[in-house]
Amino acid sequence: LLNQGLEDLKSTSEQDELNELRVHLLGKKGPITKVLRGMKDLSPEERPVVGSFANEVRDRLQEAIDARKEEIDQKLLTVKLEKEKIDVTLPGKPAARGNAHVIQQIIDQIEDLFLGMGYQVLSGPEVEEDRYNFEMMNLPKDHPARDMQDTFYITKDILMRTQTSPMQARTMEKHDFSKGPLKMISPGVVYRRDTDDPTHSHQFHQVEGLVIDKHVTMADLKGTLELVAHELFGDRFDVRLRPSYFPFTEPSVEADITCFNCGGKGCAVCKHTGWIEVLGAGMVHPNVLKMAGVDSDIYGGFAFGLGPDRFAMLKYGVDDIRNFYLDDERFLNQFSMKG
Ligand code: FA5
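Residues numbered from 1 in each chain as written. Predicted model: local features only at pLDDT ≥ 70, side-chain atom pairs only at ≥ 80, totals over all residues. Heavy atoms only, no water.

(A) Representation of empty space enclosed by the protein. Tallied over the entire structure, the rule returns two cavities of 30 Å³ or more. The calculated volume of the largest cavity comes to roughly 40 Å³. F134, L139, A145, R146, M148, Q149, F246, P247 and F248 are the residues that line the largest cavity. Of the residues belonging to the lining of the largest cavity, the class tally is seven nonpolar, one polar and one charged. The calculated volume of the second largest cavity comes to roughly 30 Å³. Lining the second largest cavity, in full, are L225, V228, A229, V239, A255, I257, V278, L279 and F311. Ranked by residues supplied to the lining of the second largest cavity, first place goes to helix α8 (residues 218-233) with three residues. (1 Å grid on protein atoms, 1.4 Å probe; cavity = no way out; pocket = protein on both sides within 12 Å on 5 of 7 lines; lining within 4 Å. Points joined across faces, edges and corners; volume = space filled by probe spheres on them. Nonpolar A, V, L, I, M, F, W, Y, C, P; charged D, E, K, R; others polar. Helix = DSSP H or I, 4+ residues; strand = E, 2+ residues; numbered from the N terminus.)

Right, here's the structure in full:
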């Protein structure tokens, strides 16, 4: 029995099989239990001999079963570890990568262009003082031209900036002209109580530009704007300057670019003019220079404020500015730089 049992044990390879064999050998209906139960029928001399022999067989089988159990467990563990082993040489799954928003891509291009021409890139606060947003821009309280930019006020003196132009005053105030001319652009978000439509959003972007030096002329402004337009759009777009009015520049102009939608023929997007307005600009008004502490008899310059949202519409033929603000991935992924 012992030898047969030990032999059988060797061929078990799973816990269930082992358990079955254990019940068969040592269980209530097994041969050893039978022998131990039959002890009462033996003579007193036979009992200790048979008893101790049966116990020994039982103990040896139990030991062998325990050892086999251990072996099977170990084998299972090894197989499991093998199966779950991490193959560090397998190529990983690529992590989903984000992408710069299409407007940010346009701003990046504009920044690159101006950095290359020696401008600084600065950023300013979106929650701004009335003083910088309007007063130092030659728009005293109650000036009628404040109506050109319908404003979200926070308090009487604090507002959401309606333009990036306050950065003109902020940088001129700080600039040390003895160290050279001031050349900067300042991109950022601005807010207006405009009714949203295909070309207007109540929140949009502007890039302010400012150059202050001795002997800066309107021709410098025009050349700079044409360079921007051609650099960003190529030669298929024409630029036209129209006389305009801003309280902080004199003379003032607005720049239009050929309508992307109709190629200049006239359509609903461009209100049948063939042109889309993309920026305002002009020669910095002497009052603005003076209020920022710059000597307007010696220094002068140009400023512009362009709308990258409109640039993005032109560049990619997007016919509704609101698409930029809806966070619809299907729309935004079209401008992915990954591909
Ligand atoms: C200004 O905001 C002036 N600060 C620009 C300026 C700067 C003039 C420096 C002179 C010197 P305006 O309100 O026209 O101007 O806006 C400038 C540009 O912002 C527009 O040409 C247009 O491209 C864009 N823009 C204006 N309103 C909106 C709007 N609601 N949605 C999207 N883009 C707009």
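(B) Focus on the site of the ligand. By nearness alone, 27 residues border the ligand, and Q163, S165, R192, D194 and E277 come closest of all. Contact distances for the ligand include 2.7 Å between an oxygen atom and a side-chain N or O atom of R192. Expressed as a share of its isolated accessible area of 680 Å², the protein-covered part of the ligand is 96%. Judged by the fraction of its atoms near the pocket grid, the ligand is located in the largest pocket. Taken together, the elements giving at least two residues each to the shell around the ligand come down to β5 (203-213), β7 (249-258), β8 (275-284) and β9 (300-306). For the shell around the ligand, the element with the most residues is β8, which contributes five residues. (Near = heavy atom within 4 Å. Polar contact = N/O pair within 3.5 Å; in protein donor to acceptor, adjacent residues only side chain to side chain. Areas by Shrake-Rupley, 256 points an atom, 1.4 Å probe, with all protein chains shown as cover. Sits in = over half its atoms within 2 Å of the grid points.)

(C) Examining the pairing of β7 more closely. Burial runs high along β7: eight of the ten residues are buried. Bridge analysis of strand β6 (residues 239-246) against β7 gives seven bridges, and the strand direction is antiparallel. What sits directly across from P243, in β7, is V253. Across eight bridges, the pairing between β7 and β8 is antiparallel. Opposite T249, over in β8, you have V284 as the bridge partner. (Buried < 20%, exposed > 50% of the residue type's maximum accessible area, 1.4 Å probe, protein only. Pairing = 2+ DSSP bridges.)

(D) Region of the structure containing the environment of V269. Position of V269 relative to the elements: it lies in the loop between β7 and β8. For V269 and P44, which are 225 residues apart along the polypeptide, the C-alpha to C-alpha distance reads 116 Å. Residues in contact with V269, not counting those within four places in the same chain, are T199, F260, N261 and I276. (Contact = heavy atoms within 4.5 Å.)

(E) Geometry of the pattern of salt bridges. Throughout the structure, instances matching the rule amount to 19 salt bridges. Across the pair R68 and E71 runs a salt bridge whose closest N-O atoms are separated by 2.4 Å. One end of the pair, R68, and the other, E71, are both in helix α4 (residues 46-83), three residues apart, so they sit about a helical turn from each other. We note a salt bridge from E129 to R131, for which the minimum N-O separation is 3.2 Å. A relative accessible area of 37% places R131 in the partly exposed class. (Salt bridge = Lys/Arg side-chain N within 4 Å of Asp/Glu carboxyl O.)

(F) Inspection of the UniProt feature "binding site: Mg(2+)" (unreviewed entry) in the protein chain at higher detail. Per the UniProt entry, the sites bearing "binding site: Mg(2+)" (unreviewed entry) are E250 in this numbering. Turning to its location among the elements, E250 is positioned in strand β7. Taking relative accessible area as the criterion, E250 reaches 51% and is therefore assigned exposed. Setting aside anything within four residues of it in sequence, one finds E250 in contact with M283 and H285. (UniProt positions renumbered as here; feature names shortened; annotations may be inferred.)

(G) Molecular detail of the sheet that holds β6. Spatial ordering of the open sheet is given by β1-β4-β5-β9-β8-β7-β6, a layout of seven strands whose pairing is mixed. Looking at strand neighbours, the two that pair on one side only are β1 (120-121) and β6, the edges of this open sheet. As paired elements, strand β4 (residues 182-191) and β5 share ten bridges and run antiparallel to each other. Note on β5: the bridge partner recorded for Y191 is Q203. Packing against the sheet, helix α5 (residues 102-116) makes contact with β1, β4, β5 and β9, and its axis sits at approximately 170 degrees to β4. Contacting β6, β7, β8 and β9, α8 runs over the sheet at an angle of about 30 degrees to β9. (Axes fitted to C-alpha atoms, helices over the stretch in contact; angles between N-to-C directions.)

(H) The layout of surface pockets, seen in detail. Here the largest pocket is characterised by a volume of approximately 870 Å³. Every residue lining the largest pocket is counted, 43 residues in all, and those nearest its centre are R192, H200, E254, E277 and R310. Elements with a contribution of two residues or more to the lining of the largest pocket: β5, β6, β7, β8, β9 and α10 (308-316). The biggest single contributor to the lining of the largest pocket is β8, with eight residues. Partitioning the lining of the largest pocket into residue classes produces 16 nonpolar, 16 polar and eleven charged.

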